[in-house]
Amino acid sequence: MPVHQYIPNSHPEVKKQMLESIGVKSVDELFAVIPDKLIFKNKLNLPNQTSEPQVRRHVERILSRNRDSGEMLSFLGSGCWPHYVPTVCDEINSRSEFLTAYTGDAYSDLGRFQALFEFQSMIGDLVAMDAVTYPTYDWASAAGDALRMAAICTGRSNVLTPRTISPEKLSVITNYCRGVARTQFVNYDPVTGQMDVEDLKKKLSKETASVYIENPSYLGFIETHGNEIAEIAHEKGALLTVGVEPLSLGILAPPGEYGADIVCGEGQPLGLHPSFGGASLGFLACRDDEKFLSATGHRLVSIAATKRSGEWGFLFLLPERSMFAARDKAACITGTGTLLWAITGAVYLSLLGPSGLRELAETIMKNTSYAMKRLSEVPGVRAPLFHSPHFEEFTVNFDGTSRTVGDFNKALLKYDILGGKDISKEFSELGRTAIYCTTEMHTKEDIDKLASTLSELMK
Amino acid sequence: MRASTKQETTYRAVNWNEPIIYQLSKAGRRGSAIVAADPEIEKAVGNVVLTIPDRARRKISPALPELSEPEVVRHFLRLSQETYGVDSGISVGVGTCTMKYNPKVNDALARSRKLTEIHPLQDEDTVQGILEIIYTLGKWLCEISGMDEASMHPRSGAHAVLTNAQIIRKYHECNGELDQRDEMITIVLSHPCNGAGPAVAGFKVITLYPNEDGIPDVEALKTSVSKHTAGLMMTDPYDTGVFDRNLDEYIQIIHDTGGLVAIDQANANPLLGRFRIGDAGADLCHFNLHKSFSTPHGSSGPGSSPICVKSELSRFLPVPVVTYDGAKYYFDYDRPDTIGKTASFYGVIPNVVRAYAWILSMGAEGLKEASEVAVINSNYLIQKLLKIRGVTLPWKESYPRRLQEARFSVQKMKEETGIGVDALNRRIVDLGIQRCFTAHEPPIVPEPLTPEPTESNSKEDIDHFVDAIQQISDEAYSDPAIVEDAPHNCSITKIDMSTAIDPNKWAMTWRAYVKKRGLLQFSS
C-alpha cells in the first residue's frame, strides 16, 4: 500500500522504527490479543483507494441526481423548514476550530463553551426560562427527554399529548418514556383544532406527570389557550411542557410566561440548512430548580468565576446525574449532542436580535395567511381546516376533488412544485389533507403560482 | 529524560478576554435586514398578527443582544480562536474519542447545495442521489462489520445504543417474552451508554466488573444469565484498549439463554479490515462515524452512529429503511414490527456523505492501514509513557500490548507528589496540547489517563506529547505548585468548581446570571 496522505506514519520505514521501539517483530504481534479464529482473513469488498479529485467527481456526480430547492418551488415543512441561512452562519460553523473540537474543557476550549452558553441564554430569552440544557438531537428527542424529566420529577406515570401531535414525534416520545410514563391523547376541538379543555379536565388525574402542547401545532395552528391549560394542569399537580418552533416566538407569548414548566423545540430554523433532515437541533429548557435538573441526565453547562477577576470560565453542573457518571441510573441518554448547530443558532439569533426576530415572524405569518387565502379560493380545496390563527404551516384539504394528495403532488411536480406533506394516512379523520409550509422565502409570485397551478389542475 | 528545549514552551493560548455577547449589545443595532412581506400581501391579509388573541401574543420582545453584522462576526471568530480543535494541534491525549483528521474534501462535499438544499420529504424521484449514498454506505458498513442491514438514523453513540436496546426489546416483545426478559447485562469497562441505553429502554441493568486480569470472568457472566436475560450490551475493545478474548464465549452464553448481543463498536478503529463483529456472532452493533470514520466532532456534535444488524432483526429497524429495487432507491416504511422512530427523519446526513467519501479515499487497504498505524502509534506511546516517573499501566502483566488506546494511572504520582490527573490536565493545555481523556465513572483505574494517538498523529506528535507528560512529571516531583496552580498560559485561569453544586452560583443563561449577579466570586 502506498503512503497514505492522511496517515503520517504510513511510511514503511517509520513503521519499522516504531515496531522496533515497541519491541515486536511484526505488527501481527500487536493484534495477538484477538483470537486467531476471529481474525478476518479476506479482503473487504470495498472500492479501492481513490484520489481526492476522483472522490470529488464521483460524489458530486451522485449528488447531482438530487434536485435542490433552487430548481423547484417547495411547500414542504413538517419539522424541517426552509428559511434563509445568513452567510455568517455558514462562515462561523465552517471555522475549523469549532468544526473539529470535541471534549476539551474550558481551559482549552473556552470559545465553544462561551458560544454554547450564549446559545442557552438566547433560548432562555426566547422561551422565558432560566435553565437551558446541553443541546440534543431534534425537537422529537428533546420532547421525549422533556416528558421523561416530567415523569421522574413528579413521580407520576402518565403524559397527556394533543391528538394533533405528529405520529412520528409521538413514536419518539414513546420510545424515550419507556418504563417511566405512557402517553394518552387529549381530543381537539373539531372547529378550531385547539386542545379540548373539557376532555383535558376529564383525563387529568393524580397520575398525570405533564400535559404536553405544541406551539405552533403540527398542523400549523397556534394553540392560544396555553395559560388556561397551564392552570388546569397545575391544579392537579401536573406540569405543563410546551414544544415550540423558535421563530414563532418573535410574535407568540413565551411559554415561561403562560405557565410552562418545561420547554422543548427545534433549532433547525436558526441558521441551519434543511440538509435532508440531517441538520436538526433539539433544545430543552426548564425551571432553574434542582428538582427539575435532578430529573434529567442531560449535561448542564454553567458560567463560573475564575481566579482572575473580570473573566469567566464554564463547567458542568451536578455531574453525578449525567450518563457518564450515573450509567444505568441516569435519567436520560445523550452523550454527543449538537453543539456545532447550537453555536450556529447563537450566531443566527445574534444577527436577528429582538427586532429582526419579530419582523421575521410577522413576515412568515403574513405569507402564511396569504397562502391560506389564495388556496382557499381554489375550487374543491379547503385551506385551512381549522379556524385559528396559523404560523408557517396550515392544512390543505382536497376532499372536494376526486383526487388524492399524492395525485396532486405528482401533478405539481411536473410544474417543478413540491406540494405539502401528505397526512391522509396519519390523520384519516381529516380526509385527504396535506400540510403546506410558507416562510419568508416564499414570494407573492410563488404563492400565486401554487394557487394558479392547483386551479389549473382542477380543470 | 529532561524535557527538550522545544518543551520550554512559549505557547500562549489566544486570549481575547471576549465579553459575553450580551455585554456587547447596543440598543437599536441590528445584524440583518429582514425581508418584509410583499405590500400586496400586506394589503390582502392586513395585520394578521392581531388575530392572535392577546393572551397568546408576545408583548415584550425577547432580550436578545443587538449587534451589527461585523460585530457578530468578530465575536464568534474570536470564540472560535479560543477553541482547540483537531486541526489546532495535538489531541493525542483524547482517548475513546478517536480524534483523527477530518479531511477537508469531505466537508466541501457536505456543503454542496445538492445536499444542504434538499428537503427530507421530497418525492423520492428528486433525491435519488442522496438515497444512493445512504444505501451504499449502509452496505459498506455491513461489509466492514459482517452484518446484514444498516440504519443511519441514530445521531450519536448513546442514541445508537438506545436504538439497539429498543430493537432487543421489540424482539422479545414479538416473541411474547418481554415480561420475562427484563434484564440487560453490561460490562463496566464499556462506555456508560451501554448501561444508560437499556435502562432508558426500560430494562433492569446488571453490571459485570473485571477480575484481576482486566476482563470479567466467564463464570461471572454464566451466573448472571437466566430466563430473565434480554441480552448483553457492551463495548469491545474496551476503553482500556483491551480486546476481550472471551467475546465469542460470552455471545454463545447469551445466545444459549435466548438473549441477543449488541456490541458497541465506538472503538472500532483498530479493527477495520481485520475483525468483524458480525463474524464473532454479535446480533447488533453500531459505529461512530465521528470516530472511526473521520467525520468532524463539531465541538460535541452532531455525531452520527449507524447501527448494523443481522437479517433476523432487520424487521425491527427504525423506519424508513432506504432500499433499492435494482432500478430505484426508495424509502421502505412497510416494516410492521419496526421499533418506530428514535428521532425525526433519517439521521445526520451530512456526516453520512462525509463517511462515504472517506471510505472511498481510504479503500479497503487504506482502512486496514489506518487501523494498523493506529495500533502501532498506541503501542509506541505505551512503551514511552511507561518510562515516565509516576505513570503506570494497570493490567500491564496480562495485557502488555493494547489496541487503539491504553488506560494509564498517575495514582503513584498523586501519592508521591499530590499531582493527579486533574492538575495534569490543567497543566498540559499550558503546553499547547489538548487535555487527556480520563475515564468514565466508576473509576476502576485510580487517577486514570486514556490517550489514543489514532493514525493521524505523526511519530513527532507522539514524541511531543510524551515530552509534555515528562515535563509535567518532572515538575510534579520538583515544583508541584506550578502544576497545581495551572493553567498559566490559557485563555482563563483556574475555575471556581464549587459552582457545579451550588444553586446560588450556577447560571445556565445570562438571564439567570443577571439575577444571581454578585454571587459569582472565586472560592476554592
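In this text the structure is predicted, and so the values were computed from the model without any measurement.

(A) Local environment of the overall build of chain A. From N to C terminus, chain A includes 14 helices and 14 strands. Dimensions of chain A, computed from the C-alpha atoms along their principal axes, are close to 80 × 55 × 50 Å. When the 459 residues of chain A are sorted by exposure, 64% land in the buried category.

(B) Fine view of the interface of chain A and chain B. Taken together, the contacts link 175 residues of chain A with 185 residues of chain B. In terms of residues, the side of chain A that touches chain B owes the most to one element, helix H12 (residues 339-376) of chain A, which gives 25 residues. The residue inventory of the side of chain A that touches chain B, partitioned by class, reads 85 nonpolar, 56 polar and 34 charged.

(C) Fine view of the environment of methionine 372 of chain A. All names here are of chain A. For methionine 372, the position within the fold is in helix H12. Along the primary structure methionine 372 and proline 254 are separated by 118 residues, whereas in three dimensions their C-alpha atoms are 25 Å apart. Leave out the neighbours within four places in its chain, and methionine 372 touches Ala383, Pro384, His390 and Phe394.

(D) Up close: the pairing of strand S4 (residues 229-235) of chain B. All names here are of chain B. Burial analysis of S4 places seven of its seven residues in the buried class, which makes it a mostly covered element. Across four bridges, strand S2 (residues 183-187) lies against S4 in parallel orientation. Among the inter-strand pairings, glutamate 183 is bridged to a residue of S4, identified as threonine 229. Pairing of S4 with strand S5 (residues 260-264) involves five bridges; the strand directions are parallel. Following the sheet pairing, methionine 233 is matched in S5 by alanine 262. Once the chain exits S4 it traverses helix H9 (residues 247-256) before rejoining the sheet at S5, and the crossover so formed is right-handed.

(E) Focus on the packing of helix H5 (residues 110-127) of chain A against H12 of chain A. All names here are of chain A. In contact at an axis separation of 8 Å, H5 and H12 are set at 60° when each is read in the N-to-C sense. With respect to H12, the element H5 is oriented oblique. Relative to H12, the crossing made by H5 is left-handed. Only Leu339, Ala342, Ile343, Gly345, Ala346 and Leu349 of H12 make contact with H5, whose side of the interface consists of Arg112, Ala115, Leu116, Glu118, Phe119 and Met122. When its residues are assigned to classes, the contact of H5 with H12 shows nine nonpolar, one polar and two charged.

(F) The arrangement of the domain arrangement of chain A in detail. Residue and element names in this part refer to chain A. Each assigned domain of chain A is listed here: domain 1 (73-83 + 354-458) and domain 2 (87-348). Centre-to-centre separation of domain 1 and domain 2, based on C-alpha positions: 28 Å. When contributions to the side of domain 1 that touches domain 2 are tallied by element, the ones reaching two or more residues are H12 and strand S11 (393-397). No other element matches H12, which puts seven residues into the side of domain 1 that touches domain 2.

(G) Here's a closer look at H5 of chain A. All names here are of chain A. Between its terminal C-alpha atoms H5 stretches 26 Å, which fits the 26 Å expected from 18 residues at 1.5 Å a residue. Most of H5 sits out of view: 18 of its 18 residues are buried. In the segment just after H5, alanine 128 is the residue with positive phi, at about 60°.

(H) Representation of the sheet that holds strand S8 (residues 282-286) of chain A within the structure. All names here are of chain A. Ordered by their spatial adjacency, seven strands build an open sheet running S2-S8-S7-S6-S5-S3-S4, and the pairing between neighbours is mixed. Sheet topology places strand S2 (131-132) and strand S4 (182-186) at the edges, where each strand pairs with a single neighbour. Pairing of strand S6 (residues 239-244) with strand S7 (residues 262-266) involves four bridges; the strand directions are parallel. Residue glycine 243 lies in a different strand from S7, and its bridge partner there is cysteine 264. Across the sheet, H5 lies against S2, S6, S7 and S8, angled at about 65° from S8, the strand it touches most.

Rules behind the numbers
- Residues numbered from 1 in each chain as written.
- Chains lettered and ligands numbered in written order.
- Predicted model: local features only at pLDDT ≥ 70, side-chain atom pairs only at ≥ 80, totals over all residues.
- Helix = DSSP H or I, 4+ residues; strand = E, 2+ residues; numbered from the N terminus.
- Buried ≥ 20, exposed ≤ 12 C-beta atoms within 10 Å, placed from the backbone.
- Contact = placed C-beta atoms within 7 Å.
- Nonpolar A, V, L, I, M, F, W, Y, C, P; charged D, E, K, R; others polar.
- Pairing = 2+ DSSP bridges.
- Right-handed = clockwise from strand over helix to strand, strands pointing away.
- Axes fitted to C-alpha atoms, helices over the stretch in contact; angles between N-to-C directions.
- Parallel < 35°, antiparallel > 145°, perpendicular 65-115°, else oblique.
- Left-handed = near helix turned anticlockwise from the far one by under 90°.
- Domains from an automatic or database assignment.
- Expected span 1.5 Å × (residues − 1).

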